[in-house]
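Single-letter residue listing:
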Amino acid sequence: MKDKPEEQTPTQVPATAQQGGEIRARWAWAEPMVWTERMLATLETGIEGGKWFRLIDKVWSPKNLASSLEKVVAKGGSAGVDHQSARQIKVHKDQTIAKLEQELRAAQYQPQAVKRVWIPKAGSKEKRPLGVPTLRDRIVQGALLHVIEPIFEREFAAQSYGFRPGKGCKDALRRVDELLKSGYHWVVDADLKSYFDTIPQQRLMERIKEKIADGRVWKLLEQMLQAGVMDTVKGWQPTEQGTPQGAVVSPLLSNIYLNGLDWQMARNGSEMVRYADDCVPRAPRVERTQQCATAQLMRGGPSEPAYRSRFQTAFGGYEQKAWS
């Protein structure tokens, strides 16, 4: 039996948090306008009851909104359904921040429909949908992301690499290389089909409510998920499931939904490297690879969509599998 590589079980933050600059250094990416050192210390030691209350006031904080606005303007990008450009937002930034704060405080904020555009899909003749929220909605999403991302980042498994601070595709490839050198030659290369568009919103919200107990934050997230899309051909359409690709908060939401799968695979002693909706379970024997694929990916599926997979060895040759 082969020894498993060191990174078998997902890692968590230390049980005993250290004070001062050490905590800030570990969470250097967290928005300082929201996450004070005292809050970060609580994050590391664990909040009483396991849930965070009263977060909405941190979302509408003018400093937080201003920080989000600067990031949105710097990134630029296309205008949404309101045709408002990044330049226009920058010129009227003080008025924009004040208006958004007022609407969020009074529970009058209502996100607009997401503009849907179709872009070429790499390596395919197909096109994939991309959602383009209005810039003011991107600002609110960014402010919300500043507040909730550290809460869930603390819980994410180590083998998840997509859309995470300090991690990337090269880290995922290095992990795959480590597993290969350790004898994990059999792999199921699984790609969840239309994952972002098929995430069940109710189940997603259930996972969010496991850590957040602020009803105003729940409502804000539900508004974002259910804002609908404006398609250039079909017109306005409701969004009863999924979270639009292109939305600022969508990458985090996608990781929240699949985090349970990551931990379950680790508890079962199975190795998996995941980058967003691309999952690569690995094992030293073909039987073990097939078992982890069918037991975890097939059991209802993370979002019950069809998914594509390729069952192969690292040394070439594979048997094509297709489940739905």
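Fair warning: this is a prediction, and the values are worked out from it, not measured in the lab. (Residues numbered from 1 in each chain as written. Predicted model: local features only at pLDDT ≥ 70, side-chain atom pairs only at ≥ 80, totals over all residues. Heavy atoms only, no water.)

Trainee: Let's hear about the nonpolar core: which residues, and what values?
Mentor: Trp35, Phe152, Ile208 and Leu220 are the most contacted members of the largest nonpolar core, which has 58 residues in total. For this core, the element with the highest residue contribution is helix α7 (residues 135-153), accounting for 10 residues. Excluding residues that lie within four positions of it along the chain, Ile208 makes contacts with Phe152, Leu221, Leu253 and Ile256. Judged by nonpolar contacts, the second largest core, of five residues, contains Tyr161, Ala172, Leu179 and Tyr184. (Core = buried A, V, L, I, M, F, W, Y, C linked by side-chain atoms within 4.5 Å. Buried < 20%, exposed > 50% of the residue type's maximum accessible area, 1.4 Å probe, protein only. Helix = DSSP H or I, 4+ residues; strand = E, 2+ residues; numbered from the N terminus. Contact = heavy atoms within 4.5 Å.)

Trainee: Mind laying out the sheet that holds strand β5 (residues 235-237), listing which residues take part and the relevant values?
Mentor: Spatial strand order, β2-β1-β4-β5: four strands in an open sheet with mixed pairing. Strand pairing shows two members of the sheet lacking a second neighbour, β2 (127-132) and β5, which therefore form its edges. For this sheet, the mean angle separating the axes of adjacent strands, direction not counted, is 40 degrees. When strand β4 (residues 229-231) meets β5, the two strands line up antiparallel, connected through three bridges. Counterpart to Val229 in the pairing with β5 is Gln237. (Pairing = 2+ DSSP bridges. Axes fitted to C-alpha atoms, helices over the stretch in contact; angles between N-to-C directions.)

Trainee: Tell me what's going on with α7, and back it up with residues and numbers.
Mentor: Given a rise of 1.5 Å per residue, 19 residues ought to cover 27 Å, and the 25 Å separating the end C-alpha atoms of α7 matches this to within 8%. The largest bend in α7 is about 35 degrees, located at Val147, with the proline Pro150 one to four residues further on. Within α7, 19 of the 19 residues are buried, which leaves it mostly tucked inside the rest of the structure. (Expected span 1.5 Å × (residues − 1). Bend = angle between axes of the 7 residues up to and from the residue.)

Trainee: For the environment of Pro150, give the residues involved together with the corresponding values.
Mentor: The residue Pro150 is located in helix α7 in this model. Considering only alpha carbons, one finds Pro150 and Leu40, 110 residues apart in sequence, at a separation of 8.7 Å. In this structure, Pro150 is in contact with Trp27, Trp29, Ala30, Trp35, Leu43 and Leu145, ignoring residues within four places of it in sequence.

Trainee: Quick one: what's the story with the packing of aromatic side chains, residue by residue and with numbers?
Mentor: With the rule as written, the count across this model stands at four aromatic pairs. Their ring planes at 50 degrees and their centres at 5.7 Å tell us that Trp27 and Trp29 sit as a pair that is tilted. When the centroid spacing of 6.1 Å and the interplanar angle of 50 degrees are considered together, the rings of Phe163 and Tyr275 count as tilted. Taken together, the positions of Phe163 in the loop between α7 and α8 (169-181) and Tyr275 in strand β6 (residues 271-275) put the pair 112 residues apart, joining distant regions of the chain. Look at Phe163 and you get partly exposed, because its relative accessible area is 40%. If you follow Lys167 out to its NZ or CZ, it ends over the ring of Tyr161, 4.7 Å from the centre. The residue whose ring lies beneath Lys209 is Trp218, and the NZ or CZ to ring-centre distance is 4.5 Å. (Phe/Tyr/Trp six-rings, centres within 6.5 Å; stacked < 30°, edge-to-face > 60°. Lys NZ or Arg CZ within 6 Å of the ring centre and 35° of its normal.)

Trainee: Just give me the short version of empty space enclosed by the protein, but keep the residues and values in it.
Mentor: According to the stated counting rule, one finds three cavities of 30 Å³ or more in the structure shown. In this structure, the largest cavity encloses a volume near 110 Å³. As for the largest cavity, its lining consists of Ile56, Leu104, Ala107, Gln108, Tyr109, Arg216, Lys219, Leu220 and Gln223. At four residues, helix α11 (residues 215-225) tops the list of elements feeding residues into the lining of the largest cavity. Residue composition of the lining of the largest cavity, grouped by class: five nonpolar, two polar and two charged. (1 Å grid on protein atoms, 1.4 Å probe; cavity = no way out; pocket = protein on both sides within 12 Å on 5 of 7 lines; lining within 4 Å. Points joined across faces, edges and corners; volume = space filled by probe spheres on them. Nonpolar A, V, L, I, M, F, W, Y, C, P; charged D, E, K, R; others polar.)

Trainee: Break down helix α12 (residues 250-267) for me, citing the residues and quoting the values.
Mentor: An ideal rise of 1.5 Å per residue puts 26 Å on 18 residues; α12 measures up with 27 Å between its terminal C-alpha atoms. The sharpest bend along α12 reaches about 40 degrees and sits at Leu258. Summarising burial for α12: 14 of the 18 residues are buried, a large majority. Downstream of α12 by one or two residues, Gly269 has phi in the positive range, about 80 degrees.

Trainee: A description of the side chain of Asp214 should follow, citing residues and the corresponding values.
Mentor: Positionally, Asp214 belongs in the loop between α10 (201-209) and α11. Although buried, Asp214 forms no salt bridge, and the nearest oppositely charged side chain, Arg54, lies 6.0 Å from it. Only 2.6 Å separates the side chain of Asp214 from the backbone nitrogen of Leu55, close enough to count as a polar contact. Other than its neighbours up to four places away in sequence, Asp214 contacts Trp52, Arg54, Leu55 and Ile56. (Lys, Arg positive; Asp, Glu negative; His and termini not counted. Salt bridge = Lys/Arg side-chain N within 4 Å of Asp/Glu carboxyl O. Polar contact = N/O pair within 3.5 Å; in protein donor to acceptor, adjacent residues only side chain to side chain.)

It is worth stressing that arrangement in space is one thing and function is another; only the former is reported here.
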